[in-house]
Amino acid sequence: MTYNEALTYIHSICWKGSRLGLDRTRELLAKLGNPEKQLKFIHIAGTNGKGSTAAMLSSILEEAGYHVGLYTSPFINRFNERMQIDHQNIPDEELAELTDYIRPFADSMADSPTEFELITALALVYFARHQCDIVVLEVGMGGALDSTNIIDTPEAAVIMAMGMDHVKELGPTMADIASAKAGIIKEGGDVVIYGGNAEADPVFEAVCKERHARLHQPDFSAIVPGPFSLDGQCFSYGSWKDLTIPLVGAYQLNNAAVVLETVAVLRGKGWAISDEAVKRGLAATRWPARFEVLRRDPVFIVDGGHNPHGIRATAESLKRLFPGKKFTFVTGVMADKDVESILGLIVPLADQFFTVRPDNPRAMSAQELAERIQAMGAKATPCDSVEQGVERAVEAEGKDGVACALGSLYMSGEVRACFGKTTN
C-alpha cells in the first residue's frame, strides 16, 4: 500500500455520523493485541485549548528527555500531523505500512469502525511500536464515548475550557456537555480542570468524588503577565518566575497555568521533569494556526477559533495587542456552528470582511456568510477561494494594517500555505 492508497482507504471508511461508542474501538484494538495497554497517557478533553495544552505538555516532556507521542485532530496541512513522536510527524512510508497492517482487522469487523476510530487505533499501534514513554492524547469529541477513552486510568486527565459546542451530539445543556467530557475521569486518577464554569465544575467535582479521583485546578489569579509582543509573551505563575511562551494569544497564559498544574501532578507520580525542562519546553512550543502570526507588513494572523468561546478569546487577544484598531477579517464557518454569536463577537472589531468557504461539506457558502455579515451592518465581500480572500485582505490593509483569518480550523492550512507555511 502506498501513502496515497493509505489515505484513500482511511478516508473511505463509512463515517455514518459520529457513531459515538467504544465497542468498535475495543474490538479493533483487541484484534491488534491491545497496544494501548503498553502505554502511559495524558488524556485531554474540553471545548477549547486542548491542542495548545497538548503541544506545551509534549514539548516539556521531550525537553525532560522522554520519548513522547502526540495525538491531535484535526490536521492543518498534512494528515500525518495527527500522530507525532518527539515532534516529528509519522513518516509517509510508516503510515502506509501501518494502514496495510490494520486494514484486514478492520475489514473483518461486522460493525466496521468509523474513520476516527481507525485513526485512533493506527496511532496507538504506532506509539506502542516505538515504545513511547508517554502519549499526550487529545479527545476527538466529548469524552465518555470518544474512541480515545478506551485507555485505562491515565497519568493525568485534563479538562480544558468549556463552551457550548457539539450540542447536537453531547446534549443541549452545559451540564450535559460536562458530563460527556467527565467520562475521561477514571477510578483513582488525577484530574486537572481549567475550571471557572459554574455549570460544568460541579459535574467534574461530583464525578471525581464518585470515582475517588483527585481534583486539581489552577489559580488564574496567580498569573502575573509580563512583556508581550507578536513574538510571544512572558509571565510568572506562583513560584514559577520569568517563563516564556511563543504562543501569542492572551488566552494561552491560562492554558499554560493548566500545563504547570499538570506538571506538578506528573512530578508527584515520579516523572523527572526539571524546572529547566519546563522553561525550555514552554519556550520551544510550536502550535500552528492558534493566533499564529504569518506576516508583519501588514500583520496577518490566523486563528483556528470556530465557536463563540474560542472567537471571544481571539477577539480579546486582538484588542490586547492592537488597542483601538479595526481589522480586516478573512472568515469562513461551518453552517452548523452558532454563526450569529460568532459574528456578534467580531463585527464590532471589523473594518471589513472577506468571506470564504472552507473545504468541508458542512461549510457555509461565502455568499451566505457575506449576507449574514451585511445584515449586521458590516461590509463583507464573498471570495471564490481562501487564497483570493487572503490576497484581498493583504491588499486592503496595506503595509501598516492588521488582518486576521478565523472561523474554522479547516481553512487554516490553506491560509498558512498562502504564506509558504507548512508543517514537518
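Analysis parameters
- Think of each chain on its own: its residues are numbered from 1, step by step along the sequence as written.
- This being a predicted model, a pLDDT of at least 70 is required before a residue's local features are given, and a value of 80 or more before pairs of side-chain atoms are given or counted; all residues contribute to the totals for chains, interfaces and linings.
- The side-chain figures draw on all heavy atoms in the structure; neither hydrogens nor water molecules are used.
- Going along the chain from the N terminus, every DSSP run of H or I of four or more residues is numbered as a helix, and every run of E of two or more is numbered as a strand.
- Relative accessibility under 20% of the residue-type maximum defines a buried residue, over 50% an exposed one, and the middle range a partly exposed one, all with a 1.4 Å probe and only protein chains included.
- Counted as a polar contact is a pair of N or O atoms within 3.5 Å, where, for protein atoms, one must be capable of donating a hydrogen and the other of accepting one, and residues adjacent in sequence contribute only when both atoms are in side chains.
- In this description, contact between two residues means that some pair of their heavy atoms is separated by no more than 4.5 Å.
- Note on pairing: two strands pair once DSSP finds at least 2 bridges between them.
- Here an angle of 0 to 180 degrees is reported between the N-to-C directions of two axes, which are lines fitted to C-alpha atoms, with helices fitted over the stretch in contact.
- Each aromatic pair joins two rings of Phe, Tyr and Trp (for Trp, the six-membered one) with centres within 6.5 Å, and gets the label stacked for planes under 30 degrees apart, edge-to-face for over 60, and tilted for any other angle.
- Lysine and arginine charges are scored as sitting over a ring when NZ or CZ, respectively, is within 6 Å of the ring centre and within 35 degrees of the ring normal.
- Should an angle fall under 35 degrees it is taken as roughly parallel, and over 145 as roughly antiparallel, whereas 65 to 115 is taken as roughly perpendicular and any remaining angle as oblique.
- All residues other than Ala, Val, Leu, Ile, Met, Phe, Trp, Tyr, Cys, Pro, Asp, Glu, Lys and Arg, Gly among them, are scored as polar; the first ten of these are nonpolar and the last four charged.

Turning next to the side chain of Ser236. Following the sequence through the fold, Ser236 ends up in strand β10 (residues 232-237). You can call Ser236 buried: its relative accessible area is 13%. Only 3.2 Å separates the side chain of Ser236 from the backbone nitrogen of Asp242, close enough to count as a polar contact. When near neighbours in sequence (up to four residues on either side) are disregarded, Ser236 contacts Ala222, Ile223, Val224, Lys241 and Asp242.

Following Ser73, the chain continues into Pro74 via a peptide bond in cis, with omega recorded as -10 degrees. As for its position among the elements, Pro74 is in the loop between β2 (68-71) and β3 (83-85). Omega for the peptide link from Asp297 to Pro298 comes to 5 degrees, which places this bond in the cis form. Along the chain, Pro298 falls in the loop between β12 (292-296) and β13 (299-302).

Attention now goes to the sheet that holds strand β15 (residues 350-355). Spatially, the six strands line up as an open sheet ordered β12-β13-β17-β14-β15-β16, and their pairing is mixed. Pairing within the sheet leaves two strands with one partner each, and these edge strands are β12 and β16 (380-382). Across the sheet, the mean angle from the axis of one strand to that of its neighbour is 20 degrees, orientation sign disregarded. By the bridge criterion, five bridges tie strand β14 (residues 327-331) to β15 in an arrangement that is parallel. Directly across from Phe327, in β15, lies its bridge partner Ala350. Against the sheet, helix α14 (residues 386-397) contacts β12, β13, β14, β15, β16 and β17 (402-406), and its axis sits at roughly 175 degrees relative to β14.

Let's shift gears to the packing of aromatic side chains. Enumeration according to the criterion identifies 10 aromatic pairs in this entry. An aromatic cluster of at least three residues, connected via ring pairs, comprises Phe322, Phe327, Phe329 and Phe353. A cation over a ring is seen here: Arg129 above Tyr101, with NZ or CZ 5.1 Å from the ring centre. Sitting above the plane of the Phe228 ring, Arg320 keeps its charged end 3.7 Å from the centroid.

Attention now moves to the packing of helix α1 (residues 3-12) against helix α5 (residues 115-129). Closest axis-to-axis distance for the α1/α5 pair is 8 Å, and the angle between their directions is 135 degrees. Between α1 and α5, the crossing angle belongs to the class labelled oblique. For the pair α1 and α5, the contacting residues are Tyr9, Ile10 and His11 in the first and Glu115, Leu118, Ile119 and Leu122 in the second. For the contact of α1 with α5, the residue count by class is five nonpolar, one polar and one charged.

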